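Structural features, examined
Each chain is listed here by its residues.
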Amino acid sequence: MTQASNGPALPPTEEELSRARLKLAVEGPVARVTISCPERRNAMTGRTWTTLAHIGQTLPEDVRIVVLSGEGDTFSAGIDLGMFSPEGVDGERSMVAGLADGTSTEAEIQDYIAGLQEGFLWLRRPDLVTVAAVRGHAIGAGFQLALSCDIRILADDAQLCMKEPALGLVPDLTGTKPLVDIVGVNRAVEICLTARRVGAREAGTLGLAELVVASDELPGTVDDAVAALLATDREAATATKALLQQAAGNTLQQQAEAERVAQASRLAALARGV
Ligand code: ACO
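Residues numbered from 1 in each chain as written. Predicted model: local features only at pLDDT ≥ 70, side-chain atom pairs only at ≥ 80, totals over all residues. Heavy atoms only, no water.

With that settled, consider the overall build of the protein. When helices and strands are tallied, the protein shows ten helices and nine strands. A compact globule built from 274 residues should have a C-alpha radius of gyration of about 19 Å, and the protein, at 19 Å, falls within 12% of that. Counting only C-alpha atoms, the protein reaches 65 × 50 × 40 Å along its principal axes. Relative to its 274 residues, the protein shows a buried fraction of 43%. A separation of at least 24 residues holds for 69% of the contacts in the protein among residues at least 6 apart in sequence. With an accessible surface of roughly 13700 Å², the protein has 54% of that area assigned to carbon and sulfur atoms. (Helix = DSSP H or I, 4+ residues; strand = E, 2+ residues; numbered from the N terminus. Rg over C-alpha atoms; globule rule 2.2 N^0.38 Å. Buried < 20%, exposed > 50% of the residue type's maximum accessible area, 1.4 Å probe, protein only. Contact = heavy atoms within 4.5 Å. Areas by Shrake-Rupley, 256 points an atom, 1.4 Å probe, with all protein chains shown as cover.)

As structure tokens, this is what we get:
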């Protein structure tokens, strides 16, 4: 990450974004991140995800909403399959070459993947609401990116596919937990191990989409959702998201306590006029 001397970390430059196949537009409280490689159906590389992490680390403090989308008719065709070739992609390391020739260990690959996962993990931050606007295919890493967001709004032509097992891989970009949390282990096994495409309507039924709309209504629907989200008090939104995120792992008593603690803190802040 670029670091100004003694100053805050700098966001990625236009050149860094372009090499990462990303576009970033920040306007007040809304950041729009677009995966931008339509000629390869917005296939992503390791650099896409490390740059996504960089974006998350350097967002202006007043950003509350992050909208993720893909340029053109596809959300993302997942990892650029060139990443599995010996030569890699655009000067980026191959995922397999080092293992094949013995110059990389499995532990090193785990560290490398941990860095890639950072590009997905920050989308769960309680101080942000993250929205995936999905049209067309969201395959493999593309599906996992959408799963990392709080809200998925799908065009009716969207198709979700966890392709990794069909390629001899596992989904490793933080998508398995939200998938299981949403659809349960059994449906997740069926979706992943058949690597079938889940259409938008079914995704809506399964809870994988909060909204499904006609393709031409996607931008307007996303804008409406952003406006509604911005109408909520920011501190309350942050505290509520944090509360909701811990609910599944808590007992009822633990969650009731967490609610009391969060509410007392909110009431104290309101009483202070903060
Ligand atoms: N990596 C690299 N290039 C890709 C990828 C990809 N994941 N997906 C598409 N492309 C390229 C194609 O090679 C093609 O390039 P070309 O014009 O030079 O021949 C171009 O994008 C257009 O692809 P088409 O297949 O012609 O587009 P179409 O609209 O018919 O199909 C689809 C789109 C369904 C996304 C198809 O391209 C596809 O299945 N891609 C591969 C998906 C995949 O296996 N992703 C990896 C999942 S695992 C993971 O993400 C960890």
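Right, let's talk about the site of the ligand for a bit. The full set close to the ligand counts 17 residues, and Ala77, Ile79, Leu81, Ala141 and Lys163 are the nearest of them. Between the ligand and Arg41, the relevant distance is 3.0 Å, taken from an oxygen atom to a side-chain nitrogen or oxygen of the residue. A distance of 2.9 Å separates an oxygen atom of the ligand from a polar side-chain atom of Lys163. Here the ligand, which alone exposes 940 Å², has 62% of that area covered by the protein. Class assignment for the residues of the shell around the ligand results in seven nonpolar, three polar and seven charged. (Near = heavy atom within 4 Å. Polar contact = N/O pair within 3.5 Å; in protein donor to acceptor, adjacent residues only side chain to side chain. Nonpolar A, V, L, I, M, F, W, Y, C, P; charged D, E, K, R; others polar.)

This paragraph deals with the side chain of Gln144. Tracing the backbone shows Gln144 in helix H5 (residues 141-147). Here Gln144 falls in the buried class, since its relative accessible area comes to 0%. Those residues in contact with Gln144 that lie beyond four places of it in its chain are Phe120, Met162, Glu164, Pro171, Asp172, Leu173, Thr174 and Gly175.

A separate point is the sheet that holds strand S7 (residues 159-161). Working definition: the strands of a sheet are paired by backbone hydrogen bonds and lie parallel or antiparallel to each other. In space, the three strands of this open sheet follow the order S5-S7-S8, with mixed pairing throughout. Strand pairing shows two members of the sheet lacking a second neighbour, strand S5 (137-139) and strand S8 (197-199), which therefore form its edges. Between one strand axis and the next, the sheet turns through 20° on average, direction left out of account. Judged from the three bridges that link them, S5 and S7 form a sheet pairing that is parallel. When the bridges of S7 are listed, Ile139 appears paired with Cys161. (Pairing = 2+ DSSP bridges. Axes fitted to C-alpha atoms, helices over the stretch in contact; angles between N-to-C directions.)

Between two packed helices, what matters for the description is the angle formed by their axes and the separation of those axes. It is the contact of helix H2 (residues 46-58) with helix H4 (residues 106-121), at a shortest axis distance of 6 Å, that shows an interaxial angle of 55°. Relative to H4, the element H2 lies oblique. Once H2 is placed against H4, the crossing between them reads as left-handed. In contact with Gly46, Trp49, Thr50, Leu52 and Ala53 of H2, H4 contributes Tyr112, Gly115, Leu116, Glu118, Gly119 and Phe120. For the contact of H2 with H4, the class distribution of residues is six nonpolar, four polar and one charged. (Parallel < 35°, antiparallel > 145°, perpendicular 65-115°, else oblique. Left-handed = near helix turned anticlockwise from the far one by under 90°.)

Moving on to the environment of Gly142. Structurally, Gly142 is set in helix H5. Residue Gly142 is classed as buried on the basis of its relative accessible area of 0%. Residues Gly142 and Gly28, 114 residues apart in the sequence, show an inter-C-alpha distance of 27 Å. Beyond its immediate chain neighbours, meaning those up to four positions away, Gly142 contacts Met44, Phe75, Ser76 and Gly78.

A full pass over the atoms with the stated rule returns one aromatic pair. With centroids separated by 5.6 Å and ring planes inclined at 55°, the aromatic side chains of Trp49 and Phe120 adopt a geometry described as tilted. Of the two residues, Trp49 is situated in helix H2 and Phe120 in helix H4; the sequence distance between them amounts to 71 residues. Residue classification places Phe120 among the buried positions, given a relative accessible area of 0%. It is Arg93 that lies over the ring of Tyr112; its NZ or CZ is 4.5 Å from the centre. (Phe/Tyr/Trp six-rings, centres within 6.5 Å; stacked < 30°, edge-to-face > 60°. Lys NZ or Arg CZ within 6 Å of the ring centre and 35° of its normal.)

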